[in-house]
Each structure stands twice: as C-alpha cells, then as structure tokens.
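Here is what each chain is made of, one letter per residue.
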Amino acid sequence: MVFSLKFNNIYKNKSIIATIFLISLFSIYIYYENFQKTKNFNLYQLDGFLIIETDMYKAYIGTQNSTAKGILKQFYIKKSDGNFTNNLIFNEGTYGFGYLEGAPYVGINESIDNSFFGLQDSPNVSIQIIENSSNTIKIEARTLYNNYNFSEMWIFIRGKPFFGSIAKTTENREKRMVNQNQFCWMIEGSSNVKMYGTDEYGNVNMYDGRYFQPIFSPISNTYSWINWQFLKENVSLGLILIYTNDISITGETGDYPYEYQIDWHLGSGTIHTPTFRGYKRELHTIYYVTRGCNNNKISEFAKESYSKSEKKIVQTPNFQAVHYLYNPDRQHSGFGSVIVNSPYIQIKQNAQWSHLENPPNNWITEIYPLMFIKQKQISGEYHFSPILYFSLNYYNGSQLFEYGNITNVGIREDNYKKEIWHYAVNNNIVYNTTFTLYNDSDKVFVSGYAKLTNSSNVGQIYVEFKPVDSEFRKIDQYTYTIDLFDNMYGNYGTTVIVKNYHKIDVVNGSLRIYFFDSVKDQYNEFEFILWNHLKHVRNKAEITSLHHKDKIYFNQHIFNLK
C-alpha cells in the first residue's frame, strides 16, 4: 500500500521519498515483530515425554513412563537447513541432562556401594506443569528417594536461544557417607564432538581429556560455561552455571567427551563425603543453543549476562560433618572416614581408589584445603590432590611401619563438637588418633598416642606431615607452616601448631614430631592443631585464636531464571 502512492515531480521532493522509505521500514519491522511473537512455542505429550518444541530446538523431558523421569532425556537443535539434528543427549538407562546423583541406597545409614542414584531413578516422581503460557513453560519434577528430597524445575522462554533449570537436593538423615555427590550431564559422545569451557580467568580452553574446571572464580569476568560442538551436525549446545548455594564446588569433565559434572565438597566419583540432616545442594543452569560450531555466542551471552547481573556479597556457608564406613566402594578394604569443616579443610582416611597402579599405604590420611583445592588427575583415575599426608610411624632401625590395620573407628559429637577416632595396631605398636572440630573454630584439633606392646621393639615413633607441593617452614619452636598459591584465591597455606613433643625436625620438607626410645606400655602422647588459611603466615601474631572462624565471602551474580 505504501508503494502504490503517486506523486508529481517525485524526484524533486526528496523529503517525501525519505518519508515513504521510513514508513516502509516501520511496516517491515511490525511484520517482523509479529512473526517473532507467533514463533513455534508448544508443549505436548507423546510416548512418555513432555515435549517442548520451538523454532530453535525440541526438548524431551521424561514422564513417569520414561526411563529418566523428570530430566532432559532427548534434545534436538534445528539446523540452518530447517531440519532437526539427531538426539544430542545420551539415551541409555536413566542418564541424561540434569541428572541428580548422590542418594545412598545400601544399608540403613550409609552407602558402601556406588551411589549414583537420584531423582531420575525414583519409582515415584511427581511431574507437574507449573506454567504453560504464551511466553513461558515451567515443568517441575519432585521426589523423596532414599531419604533425599530431589527437585528440578525446567524453565523455557519464548523466542530465546536458551532455557534453564533449578535443581535441588536435601538430605533427610543424619550421618551418612555419600559418593557421587554430584549433578551431571551426559551427551552422545563421539569423535565428532569437541568440548570447550572457561578457566579461572574466564579464558576459553578446549578440554581434550579429564579436566577439573574452577567455578565461580573471583578473578573471572564471566559466568563459567561448557560448550559441546557437534561437528557432524554443525550445532553447539552449552551450559552456563549461574548460581550455587555453596562455593565449594568444582566442575569435572568425567569420561570425556561423554560426561560433565559438578562435584560438591570433593564428592568426585568414589571418594565419599559425609552429610547430615538438612544438607543442601542447589544449582541454577542455563542451556544455550547455537547453530554452527563456535563459542562466540555462548561466550558473549555469558559475559554480558554476568556484567549486567545483580551482584551480592555473600558469606560462604560452612558446615561440619564426620562419618566413617567399613570398606567404602571400590577402595582398599577396611575403614574409611571423613571429617569436614567446610569451606576450610577436610581430612580423609583411606580415600584412595583401590585400582590405582601404585596405591599409597592403605591407611594414609589425606588433608585437603577444601575451598582452594588443587585438582589434578592421578594414575588414570580422577582425584583431588591433597596438600598434606599425615601418618603415625614406627622405625625399628631397619624397617618403617606406618599406621597398621585400623581395627576400630568411632564418632563422638554434639551441637558444639564433632570428632572421629581411629585405633590401629602394627608390629606391636598401638596407635590412637582423634580429629576434633568445634563449631566456632576454623581449625582441626588432633590428639592421640602411640605405645609399644613388646619391649624388644624399642625404636623411634613419630608423627609425620608430608607436604605435596611445598616444604614446611619454621615460625617458632611450636609452629610450622607451608606456603601455597592458588590462581583463583592467591596466597594460602596450612599451619601446624604443636602443643607437646619430644623433638621436632623438618626432614626433606616434611614435619616430624618424634617420641624417642619408647618402652613397653609407655604412652607417647601428641597434640597439635591444623589451620588452613587464606594468607602466608610469617609470625605467631598472625595466627587467629583457636576458637575463631575466618569469614570467607564471594560475589554472587544473580541471573533470575524465574
């Protein structure tokens, strides 16, 4: 209609031409806007799935009749030629996207087997359509499974190249050890997939093997993200991590390029984590769709959303938990135990996977700096790297004996204190070690004794702290420290404060606390304190009081999915 108007001497009146042109553009703009508003945005049910279909993708969420109830089981991206891709999500068993793990299913109080079960495995999942409007679709799945409350809400928005999820779990039982303390995502892995993601600086790297990804880094200018490029399909599917209730988490590529997962409190694989009633995990995620194999769009979106988000300074929540179990899943036979003072420090006994090519001593005790943890792959199995190894040792002049067979383990706890103790015997040496936490302290109190049961075994008994990537430095006769550095948090370290001893030496960087010439039935007592801190301690005056907690804060960048 605009172009049917007739004008006399049109070439002489340039202003009229300009007006006609602008009216034409406005008409095209209105048409385009109407097209945007009428884009395909449908929800329907078919063959055990709730299906959300848009002009960009189709998402299949399993119903009660699906093998993976309540999670994203199939996903298809519409390519540039108008056709949908093949399914991009791993389609066997109960696996998929938004796979919530970590519900122990063996025994009354704990898991001695691989507890990768969760929301999608429950026989009774409630799946509800919370909203189905012209602009928003919300679907929520809930269940109580093995005394865990699970929920996951999926949020789809008209005309957007992304959608989101809000996933939560809450423990309903006291004192349990959980492995697979994770949420995970599993794609259809093949040689035609490349995986990319951010590092602690926000730079983009290609992940070509098992990799631990720092999340919510204070030195980054973007939300952390992962992006899978499906080369044969010429599309990309990514996930952006926008919120968690606890900063003590780490991303992990798992069996590349098959799986990506988020680990809570060193909950990687078979390494057990203690929990308690009310223990919560929460994660908000955006799923980003791209036509073409590139990282440009997800990178720009994550960076821009991060810069425009509402920022809150939040104190990292802390919790204390302690637990043990006999013969933890796939680990060396015997007791395994964990005591955790999050986000400060965690101590694991017998934590190494039994299938390592060169496993350490069965009863080695590993000490981790929980929040500022270094991650690396060890001997073919992913594992978090401790900063210290602790052991009780007996040297008879020709042979060294460490710890021995732990024959008993116990826990004592109340509202103020949690402690775990180990009793062991080796070569006529009796050992007893107790680790104690107080709810007003960021330190671990360690005490115990060693004694001979046979007078012919006179020799040296000593406690040893062996650093992994550093050496002990003396502050005074009772205080020794190691200095460490982390790319995300800068200087940090661990200080040992010794309360009583016969002799202290630093041997090849290790701290040794000796008991000399022990005789039969003589109790050689020890007591010291472990303190993990975000600084390098230079003198005794810098050590905080024993009943004190350094408050650790982080910036929470809020992207409102709701």
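The structure presented is a predicted model; accordingly, all values stated were derived computationally and were not measured.

Procedures and definitions
Residues numbered from 1 in each chain as written. Predicted model: local features only at pLDDT ≥ 70, side-chain atom pairs only at ≥ 80, totals over all residues. Heavy atoms only, no water. Pairing = 2+ DSSP bridges. Helix = DSSP H or I, 4+ residues; strand = E, 2+ residues; numbered from the N terminus. Axes fitted to C-alpha atoms, helices over the stretch in contact; angles between N-to-C directions. Phe/Tyr/Trp six-rings, centres within 6.5 Å; stacked < 30°, edge-to-face > 60°. Lys NZ or Arg CZ within 6 Å of the ring centre and 35° of its normal.

S.K.: Hey, could you run me through the sheet that holds strand 32 (residues 429–438) in this one?
M.R.: Where strands meet in a sheet, backbone hydrogen bonds hold them as pairs that are either parallel or antiparallel. Within the open sheet, the eight strands sit side by side as 30-31-32-33-40-37-36-35. Their pairing is antiparallel. Each having just a single partner strand, strand 30 (405–413) and strand 35 (473–476) make up the two edges of the open sheet. Taken over all neighbouring pairs, the strand axes of this sheet differ in orientation by 20° on average, direction set aside. Relative to strand 40 (residues 524–533), strand 33 (residues 443–452) is paired through eight bridges, and the arrangement is antiparallel. Following the sheet pairing, Ala450 is matched in strand 40 by Asn524.

S.K.: Where do I start with the packing of aromatic side chains in this structure?
M.R.: The way to describe two aromatic rings as a pair is by their centre distance and the angle between their planes. For the structure on display, the rule yields 38 aromatic pairs. Centroid distance Phe116 to Phe117: 4.4 Å. Interplanar angle 25°. Geometry classified as stacked. In textbook terms, an aromatic cluster arises when at least three aromatic residues are bridged by ring pairs, as seen for Tyr57, Phe75, Phe97, Trp154, Phe156, Phe163, Trp228 and Tyr287. The ring of Tyr76 has Lys58 lying over it, and the distance from NZ or CZ to the ring centre is 5.6 Å. The lysine or arginine in question, Lys503, covers the ring of Tyr514, its NZ or CZ lying 5.9 Å from the ring centre.

S.K.: Explain the sheet that holds strand 12 (residues 193–198) here, please?
M.R.: Read across the sheet, nine strands follow the order 6-7-8-9-20-16-15-12-13 without closing on themselves; strand pairing throughout is antiparallel. Across the chains shown, the open sheet's two edge strands, defined by having one partner strand only, are strand 6 (126–132) and strand 13 (204–207). The mean inter-strand angle of the sheet, taken between neighbouring strand axes irrespective of direction, is 20°. Here nine bridges tie strand 16 (residues 235–244) to strand 20 (residues 280–291), and the two strands are oriented antiparallel to one another. The residue bridging Gly238 from the neighbouring strand is Tyr288, located in strand 20.

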